[in-house]
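# Secondary and tertiary structure notes
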Amino acid sequence: MTPAEFKAARRKLGLTQSELGAILDTAPQTIRKWEMPEGNSTARGVNPVAARVMGWLLAGFRPPEWPQG
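So, here's what we can say about the structure. (Residues numbered from 1 in each chain as written. Predicted model: local features only at pLDDT ≥ 70, side-chain atom pairs only at ≥ 80, totals over all residues. Heavy atoms only, no water.)

### Remarks on the packing of aromatic side chains
Stated formally: Aromatic pairing here means that ring centres of Phe, Tyr or Trp (its six-membered ring) are within 6.5 Å. Orientation follows from the plane angle: under 30 degrees is stacked, over 60 is edge-to-face, and everything else is tilted. Strands are runs of DSSP state E lasting at least 2 residues, helices are runs of H or I lasting at least 4, and numbering of each runs from the N terminus. Geometrically, a charge over a ring is one whose NZ (Lys) or CZ (Arg) sits within 6 Å of the ring centre while staying within 35 degrees of the ring normal.
In total, this model carries one aromatic pair according to the counting rule given. Judged by centre distance (5.7 Å) and plane angle (90 degrees), the ring pair of phenylalanine 6 and tryptophan 34 falls under edge-to-face. Placement of the pair is phenylalanine 6 in helix α1 (residues 3-13) and tryptophan 34 in helix α3 (residues 28-35), with a sequence separation of 28 residues. Directly above the ring of tryptophan 66 sits arginine 62, whose terminal nitrogen or CZ lies 4.1 Å from the centroid.

Below, the structure written as structure tokens:
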């Protein structure tokens, strides 16, 4: 999953970086770095486990950390 695909998936789910960070148990700053274009000096590649979880979220899985309301 590319950074752009990851960001698009998060937006499709209606989640903020903070909300997704809570679901993935990671800092919002890390989410931001995963979503940066690959040429950016502070960008990180999307974590493969996070990409897999994103696929589950897109398929309808909702963990207990899912934002209410």
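### Some thoughts on the environment of glycine 60
Relative to the helices and strands, glycine 60 is located in the segment after α4 (48-58). Remark: the alpha-carbon pair of glycine 60 and leucine 13, spanning 47 residues in sequence, is separated by 9.7 Å.

### Looking at the nonpolar core
Cut-off, in case you're wondering: Think of a nonpolar core as a cluster: buried Ala, Val, Leu, Ile, Met, Phe, Trp, Tyr and Cys residues, connected wherever their side-chain atoms sit within 4.5 Å. Burial classes follow relative accessibility: with a 1.4 Å probe on protein chains only, a residue under 20% of its type's maximum area counts as buried, one over 50% as exposed, and anything between as partly exposed. The contact criterion used throughout is that any non-hydrogen atoms of two residues lie within 4.5 Å.
Within the largest apolar cluster, 16 residues are counted, with the highest numbers of intra-cluster contacts made by Phe6, Leu20, Leu24, Trp34, Met54 and Leu57. Broken down by secondary-structure element, the contributors of at least two residues to this core are α1, α2 (17-24), α3 and α4. Counting residues per element, this core draws most heavily on α4, at five residues. The contacts of phenylalanine 6, once residues within four sequence positions are left out, are Met1, Leu20, Leu24, Ile31, Trp34, Glu35, Val46, Ala50, Ala51 and Met54.

### A look at the packing of α1 against α4
Stated precisely, the cut-off is as follows: Axis lines are fitted through C-alpha atoms, for helices just across the contact stretch, and the angle between N-to-C directions can take any value from 0 to 180 degrees. Crossings are classed by handedness, with left-handed meaning an anticlockwise turn of the near helix from the far one by less than a right angle and right-handed meaning a clockwise turn. Classes in brief: Ala, Val, Leu, Ile, Met, Phe, Trp, Tyr, Cys and Pro nonpolar; Asp, Glu, Lys and Arg charged; the others, Gly included, polar.
Taken N-terminus to C-terminus, the directions of α1 and α4 make an angle of 35 degrees; their axes are 10 Å apart at the nearest point. Helix-helix and strand crossings are classified by hand; for α1 and α4 the assignment is left-handed. Where α1 abuts α4, its residues Phe6, Ala9, Arg10, Lys12 and Leu13 lie against Ala50, Ala51, Met54, Leu57 and Leu58. For the contact of α1 with α4, the residue count by class is eight nonpolar, no polar and two charged.

### Overview of the environment of proline 64
In this structure, proline 64 sits in the segment after α4. Separated by 23 residues in sequence, proline 64 and serine 41 have C-alpha atoms that sit 34 Å apart.

### Side note on the side chain of glutamine 17
Note the following rule: For the purposes of these results, a polar contact is taken to be a pair of N or O atoms within 3.5 Å, where, inside protein, one atom must be able to donate a hydrogen and its partner to accept one; residues adjacent in sequence count only when each atom of the pair is a side-chain atom.
Mapped onto the elements, glutamine 17 comes out in helix α2. Take glutamine 17: its relative accessible area is 18%, and that puts it in the buried class. Of note is the side chain of glutamine 17, whose polar atom sits 2.9 Å from the side chain of arginine 32. Within the structure, glutamine 17 has its side chain in polar contact with the side chain of glutamate 35 (distance 2.8 Å). Setting aside chain neighbours within four positions, we find glutamine 17 in contact with Arg10, Pro28, Ile31, Arg32 and Glu35.

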